[in-house]
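Architecture at a glance
Each chain, letter by letter, is given below.
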Amino acid sequence: MELPVLNETPAASAGGCSSHSCGSSDDQLGHLSDEIRAKVENHPCYSEDAHHYFARMHVAVAPACNIQCHYCNRKYDCSNESRPGVVSELLTPDQAVKKTMAVAATIPQMTVLGIAGPGDPLANPDRTFETFRRLSEDAPDIKLCVSTNGLALPESVEELSKHNIDHVTITINCVDPEIGAQIYPWIFWENKRIKGVEGARILIEQQQKGLEMLVAKGILVKVNSVMIPGINDKHLAEVSKIVKTKGAFLHNVMPLIAEAEHGTFFGVMGQRGPTQDELMDLQDACSGDMNMMRHCRQCRADAVGLLGEDRGDEFTLDKIEEMEIDYQSAMVKRKVIHEAIAEEMHSKRAKKDEAAAKHAEAKKLDTRPVLMAIATSGQGVINQHFGHAKEFLIYEASPNGVRFMSHRKTDLYCSGDDTCGDGESVLQRTIRALEGCEVVLCSKIGYEPWDMLEKAGIQPNGEHAMEPIEEAVMAVYEEMAAAGKLDDAEGRIRATA
Amino acid sequence: MALKIINTCVNCYACEPLCPSKAIYKAEAHFLINPRKCTECDGDYDTPQCATICPIEGAILDAKGMEINPPGSLTGIPPEKMAEAMAALQAH
């Protein structure tokens, strides 16, 4: 008895199924047309697969904003924090271009340069577009992308389409102005500060208009939404449906980050973020209508490197000043490395597709789903020591197969010293982050954490070290089924979507 | 008659391009307003543009030294709630 790997089902166009929900819960890139798939396959922010191989970077050139969000505090910057909107070094377009080329030459896997704030890139059109214009001329092998709140989007679409823009991300948290008024206290519009429902209505109209204009120009649009329990959580499935209808190709629902010490409205007023379960349930609810993105790391606005890592310290202003960059020869080297990576990805994917096709007709179990946590440092294999993992990938095994669900950080949003926490040990925090999982797969694990995990009802497993993740998850699920551990119909976790 | 930017400014650049009198300039610590050039946008806009886009409560003062965006007016956070949260943070 073997199980298919859902995330790896072939593209809809290749599989002969025109439905976007072909493969039911395939929430990665399986539904996309070949054309879009080719465009996104080396983009770390699009696929869980690509992000193990390709790196991205952000440059912070756009400090001004034209709206206020209740989850943002413009004063905030802590060097120990890693989260969106937080940045340590504001760059001029000149510095941004230099930094980008320095990183691209040093980290050849870097394929994507994004401008995402702090602030709104399109509220800083001079700085943003000068950076884009120069990079599309001097470094044509770098894909450019931009994130925006959408208020100034319609007037920017023409200019965006002139550059090497790969995709635009619009943050859309609602399509209902009454809900919007609970998220956005004001916008700056036509030289006035407009508060409440009226401001939210204008913002929503601009976002939707901008989305339609980008799609009409053939520019890929990803939609980000921040899930805010009690405010837009019930509403986001509707948002997902609408943006999908209008042509957005990917939806990324992210959890609200709100701590009192961030000084945001939501933080100070005690608005809670969603639990892991609530987030996964909402992502499932949206995925019926939309490709969902589940591997987002909510990175800093100036992060550099592979997702989940930040090599920004190697490229501070004083360091890049001293670097001599020969971009022409760097481009030659980059091309060779990109082709080698693409080849490796293709051969791995082909193997998985073949296995999935073979398993497609396998007899189905009637056992309950199980969540498993994986310690990995990349390349799709179980290759990390439990104690070294700063994050775990969460997979669900069920009679329908294996699918990637999310990642969970063990040092939630703060890598500062332990004294700023609530006295919990690192191990206790890790175990709490793995709540709901029944198994942890890692390359090795020490005696003490083994014991504590077992006491918490999570079975550690080091027997599948260096094996591909999906195959190992499948094997462990089968063992659990054979041992009769999955017979209780209720299960201890949420039912499959 | 001139507005003033004080040291709580976070240097976000939002005000500078909006000023119809080109009175706002980047200085060593934060943006400043040249009082000889500032017209408080009189004749150009209904409200002074710098104070209309500024996201930081209390960062811009009017000619009398009063905060144009007093605490709570932009974020919606009641000042006492903010003080409470910050006090708890400092006690930590």
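Placed above this text is the structure.
Residues numbered from 1 in each chain as written. Chains lettered and ligands numbered in written order. Predicted model: local features only at pLDDT ≥ 70, side-chain atom pairs only at ≥ 80, totals over all residues. Heavy atoms only, no water.

With that out of the way, let us pick up the overall build of chain A. Counting secondary structure elements, chain A contains 15 helices and 15 strands. Counting the 497 residues in chain A, one finds 57% classified as buried. Counted over contacts in chain A with a minimum sequence separation of 6, partners at least 24 positions apart contribute 73%. Put simply, chain A shows about 20100 Å² of open surface, and 51% of that area lies on carbon and sulfur atoms. (Helix = DSSP H or I, 4+ residues; strand = E, 2+ residues; numbered from the N terminus. Buried < 20%, exposed > 50% of the residue type's maximum accessible area, 1.4 Å probe, protein only. Contact = heavy atoms within 4.5 Å. Areas by Shrake-Rupley, 256 points an atom, 1.4 Å probe, with all protein chains shown as cover.)

In this complex, chain A contributes 26 residues to the contact, which on the side of chain B involves 29 residues. Summing both sides of the interface, chain A and chain B together bury roughly 2100 Å²; the carbon and sulfur share of this comes to 64%. Applying the counting criterion to the chain A and chain B interface returns zero salt bridges. Those elements giving two or more residues to the side of chain A that touches chain B turn out to be strand E6 (186–189), strand E7 (192–195) and helix H9 (265–268) of chain A. Broken down by element, the residue count for the side of chain A that touches chain B peaks at three residues, all from E7 of chain A. (Buried area = accessible area lost by both parts, 1.4 Å probe. Salt bridge = Lys/Arg side-chain N within 4 Å of Asp/Glu carboxyl O.)

With that settled, the discussion passes to the side chain of Arg193 of chain A. Mapped onto the secondary structure, Arg193 of chain A falls in strand E7. At 2.4 Å, the side chain of Arg193 of chain A forms a polar contact with the backbone oxygen of Ala51 of chain B. Looking at Arg193 of chain A, its side chain comes within polar contact range of the main-chain oxygen of Thr52 of chain B, at 3.1 Å. Each residue touching Arg193 of chain A, except ones within four places of it in the same chain, is listed here: Trp186 and Ile187 of chain A together with Ala51, Thr52, Ile53, Cys54, Asn69 and Leu74 of chain B. (Polar contact = N/O pair within 3.5 Å; in protein donor to acceptor, adjacent residues only side chain to side chain.)

Next up on the list: the environment of Lys409 of chain A. Here Lys409 of chain A lies in strand E13 (residues 401–409). As a C-alpha pair, Lys409 of chain A and Ala433 of chain A span 24 residues in sequence and 7.1 Å in three-dimensional space.

Even without being a glycine, Glu190 of chain A presents a positive backbone phi close to 50 degrees. One can find Glu190 of chain A in the loop between E6 and E7. In this structure, Glu40 of chain B takes a positive phi of about 55 degrees despite not being glycine. Examined against the element boundaries, Glu40 of chain B turns out to sit in the loop between strand E3 (31–33) and helix H1 (49–53).

In short, the description is geometric, and any link to function would need to be established separately.
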